[in-house]
Amino acid sequence: MPADAGRSLPEHLVVGHLAKAHGTKGEIFVWPLTDTPEDVFVEGMALLLGDEDGTLDEGADPLIVEQSRRFKRGDLVKFEGVDDRTAAELFTGRYVLVARELLAPPADDEVYYHELLGLSVVTVDGTQVGTVREVYEIEPSDMLEIKSPDGKLHLVPFAARIVRDIDVAGGRLVIDPPEGLLDL
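Calculation criteria
- Residues numbered from 1 in each chain as written.
- Predicted model: local features only at pLDDT ≥ 70, side-chain atom pairs only at ≥ 80, totals over all residues.
- Heavy atoms only, no water.
- pLDDT = per-residue confidence, 0-100.
- Helix = DSSP H or I, 4+ residues; strand = E, 2+ residues; numbered from the N terminus.
- Contact = heavy atoms within 4.5 Å.
- Salt bridge = Lys/Arg side-chain N within 4 Å of Asp/Glu carboxyl O.
- Buried < 20%, exposed > 50% of the residue type's maximum accessible area, 1.4 Å probe, protein only.

Describe the confidence of the model for the protein, with residues and values.
The predicted model of the protein has a mean per-residue pLDDT of 91, with 95% of residues at 70 or higher. Mean pLDDT per element in the protein: helix α3 (residues 113-116) is the minimum at 87, and strand β12 (residues 172-175) is the maximum at 98. With pLDDT under 50 throughout, residues 1-5 is counted as low confidence; its partners more than four residues away or in other chains account for seven contacts.

Set out below in structure tokens:
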């Protein structure tokens, strides 16, 4: 089954959360939701505005990055035309997105997490487990939420010792779960 069969890849990807206004000159503290914020929050980059759920706001004008700098665990971003704290506060709580084709493709041994959503999950012996429903980025290991055909949800660490093969084009992910993991 091709990767796009039965599921569609998003045209736009969320790359940051506009957390709060910072200072009086229109800067916004952004939680980066990308592994490469240095490629996204750069001068001249046009970011698309999303709502509080990360859904693209089709009617909003793009936000053009005027300047950006690292700050604590995020970025302070100044957008063109957002020149004071009051204007910056209008955007807080929302997300910014970019067109998928503007992002660098993943390396051969990498995948974007959104590509995992909808993949069929089987064990190394071929037993059907379910479908990847969500990916949670948590410590110490990111987790895959897998929904079984009977509706049961499984949380499986996204770790090399368990995830043995990812075939995005084939729509399949193979796991080798330790004994009892799928019984939880």
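So what's going on with the pattern of salt bridges? Which residues, and what values?
This structure, assessed with the given rule, holds eight salt bridges. Between Arg94 and Asp57 there is a salt bridge, and its shortest N-O distance comes to 2.6 Å. Of this pair, Arg94 sits in the loop between α2 (85-89) and β6 (95-99) while Asp57 sits in the loop between β3 (46-49) and β4 (63-71), and the two are 37 residues apart along the sequence. Residue classification places Arg94 among the buried residues on the basis of a relative accessible area of 15%. A relative accessible area of 27% places Asp57 in the partly exposed class. Residues Arg85 and Glu89 are paired through a salt bridge, measuring 3.2 Å at the closest nitrogen-oxygen approach. With Arg85 and Glu89 both in helix α2 and four residues apart, this pair spans about one turn of that helix. A relative accessible area of 35% places Arg85 in the partly exposed class. Each of Glu66, Lys78 and Asp83 takes part in one network of salt bridges that share partners.

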